[in-house]
Every structure is written in C-alpha cells, then in structure tokens.
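Notes for the structure review
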Amino acid sequence: MNKRVRERMTALEIDNIALAPVFMSWSFDVKSGRNPDEWWEPDIYDFMGVDIYAPTVGTSVLQTGESIEGGPRWSYIRKVAEERGVELAVGEWGVRGDDDQSAQIVLEWYEHAINSHKDGQGARVIGLSAFDSGQNSPNGSWLLQGKRLEMFHQLMGDPRTIKLKDF
C-alpha cells in the first residue's frame, strides 16, 4: 500500500505531505515476535515514527524498555532509523506523574530531541507528540497534568519549538 501511496505522491508532485510508518517501540524487541523490517520499504518513507512510553512514575523515556543490543530501547531505535537513512519522529510519548520529577523528565526528553542532531547517538529527532489521555490505561493515566503540564506549556513557548505558523 505504501509503495502505491509513494508512487501517487511522486506522480502528483506532492511536496507538502510526508509519508511515514509509526511503530510501537515494543516492535523492536525480539520478544514482541514482530519484525519491523516486514513493514519497512527503502526509499518510500520520509521519516520513521515510533510510539514510546515510560510505564512508571519517575521513569525517563530515554531509559525505558529492556535493553536491546546493550542499550535502552530508544537508543536502539535511533540507530535503526539512522541506518535506514531517515530522521525520527515520535507519534506518541508518555510519561506518568504530575510532580517536579515528572516535569524534569519532560524537559530532559525535549532537550534530548532538540540536541539529537549533534549528539552522534543515531537519527535526528524531528518531532515529539505527547500522549494525553487516561483512556485504556489500567496502570495509570497518561493525562498531562500538574507540573508536567506546566512544563509542557513552557516548552511550547520555547523559541526552539517550531510552530505551524512558522511554515
């Protein structure tokens, strides 16, 4: 399907829409039984998307998930995207908690993404999209609230944050 979409985008000379798959970070763990390469086709996508969550309060997305090839899942995914020659965007990320520590984790995640183009740790991170819902969350809500929401609002006003009106 995505080959066909890319063919149509090219034929119609579409240059204001990007095509990307969005993987669950769990898909990169061999225990998931999935192989992301089954959904990847070289030269089709503009970037690679991934959803990643820190499941417990006080946990950073940068360190979450079991180790893959000697490092955190996020580090591995950045390297995979770099090997594929694409940049990386986060379709959904989630951090739990509403205290100062949770706000600090949001700030660290943002700074990591902003500086990813120069850290030598894999593909550049070109976008972050926070998950903000309590739906289907039996282990605790992902709602942006409290200090974490305050930090999110502060970062939306950061001059390094690109706004749609900037385009």
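Take the overall build of the chain next. Looking only at helices and strands, one finds four helices and four strands in the chain. For 167 residues, the compact-globule estimate of 2.2 N^0.38 gives 15 Å, and the chain sits close to it at 17 Å. Counting only C-alpha atoms, the chain reaches 50 × 40 × 35 Å along its principal axes. A total of 167 residues make up the chain; the buried ones form 38% of that total. Partitioning the contacts of the chain with sequence separation of at least 6, the portion at a separation of at least 24 is 70%. In the form shown here, the chain has an accessible surface area of approximately 9,900 Å², with 50% of it arising from carbon and sulfur atoms. Charge separation in the chain, taken as the distance between the mean sites of 18 positive and 26 negative side-chain charges, equals 1 Å.

Our next topic: the packing of helix α3 (residues 100–114) against helix α4 (residues 146–156). Running from N to C, α3 and α4 point in directions that differ by 30 degrees, and their axes come no closer than 7 Å. When the interaxial angle is binned, α3 and α4 end up roughly parallel. Handedness of the crossing formed by α3 with α4: right-handed. Where α3 approaches α4, its residues Asp100, Ser102, Ala103, Val106, Leu107 and Tyr110 are matched on the opposing element by Lys147, Arg148, Met151 and Leu155. Split by residue class, the contact of α3 with α4 holds six nonpolar, one polar and three charged.

Ordered in space as β1-β2-β3-β4, the four strands form an open sheet in which the pairing is parallel. Each end of this open sheet is capped by a strand with a single partner; those strands are β1 (22–24) and β4 (125–130). Each strand axis lies, on average, 25 degrees off the axis of its neighbour in the sheet, ignoring direction. Note: strand β2 (residues 47–53) against strand β3 (residues 87–94), seven bridges, orientation parallel. Across the sheet, residue Tyr53 finds its bridge partner in β3, namely Gly94.

This part covers the packing of aromatic side chains. Aromatic ring pairs are reported here in terms of the distance separating the ring centres and the angle at which the planes meet. For the coordinates displayed, the defined rule picks out seven aromatic pairs. Geometrically, the ring pair formed by Phe28 and Tyr76 is edge-to-face, given 6.4 Å between the ring centres and 70 degrees between the ring planes. One end of the pair, Phe28, is in the loop between β1 and β2; the other, Tyr76, is in helix α2 (residues 73–83), with 48 residues separating them in the sequence. Under the relative-accessibility criterion, Phe28 is labelled buried at 8%. Both rings, one in Trp40 and one in Tyr45, keep their centres 4.9 Å apart while their planes meet at 40 degrees; by these two values the pair is tilted. Judged by relative accessible area, Trp40 falls into the buried class, the value being 11%.

Here the focus is the pattern of salt bridges. One pass over the full model with this rule turns up eleven salt bridges. Here Lys3 makes a salt bridge to Glu41, at a shortest N to O gap of 3.9 Å. Residue Lys3 is located in helix α1 (residues 2–11), and its partner Glu41 is located in the loop between β1 and β2; the two are separated by 38 residues in the primary sequence. For Glu41, a relative accessible area of 31% gives the class partly exposed. Arg124 is the salt-bridge partner of Glu87, the closest N and O atoms lying 2.6 Å from each other. Residue Glu87 is found in strand β3, and its partner Arg124 is found in the loop between α3 and β4; the two are separated by 37 residues along the sequence. Residue classification places Arg124 among the partly exposed positions, given a relative accessible area of 38%. Several salt bridges converge on common partners, so that one network encompasses Asp29, Lys31 and Arg73.

Conventions used here
- Residues numbered from 1 in each chain as written.
- Predicted model: local features only at pLDDT ≥ 70, side-chain atom pairs only at ≥ 80, totals over all residues.
- Heavy atoms only, no water.
- Helix = DSSP H or I, 4+ residues; strand = E, 2+ residues; numbered from the N terminus.
- Rg over C-alpha atoms; globule rule 2.2 N^0.38 Å.
- Buried < 20%, exposed > 50% of the residue type's maximum accessible area, 1.4 Å probe, protein only.
- Contact = heavy atoms within 4.5 Å.
- Areas by Shrake-Rupley, 256 points an atom, 1.4 Å probe, with all protein chains shown as cover.
- Lys, Arg positive; Asp, Glu negative; His and termini not counted.
- Charge placed at Lys NZ, Arg CZ, Asp CG, Glu CD.
- Axes fitted to C-alpha atoms, helices over the stretch in contact; angles between N-to-C directions.
- Parallel < 35°, antiparallel > 145°, perpendicular 65-115°, else oblique.
- Left-handed = near helix turned anticlockwise from the far one by under 90°.
- Nonpolar A, V, L, I, M, F, W, Y, C, P; charged D, E, K, R; others polar.
- Pairing = 2+ DSSP bridges.
- Phe/Tyr/Trp six-rings, centres within 6.5 Å; stacked < 30°, edge-to-face > 60°.
- Salt bridge = Lys/Arg side-chain N within 4 Å of Asp/Glu carboxyl O.

What is shown is where atoms sit, not what they do.
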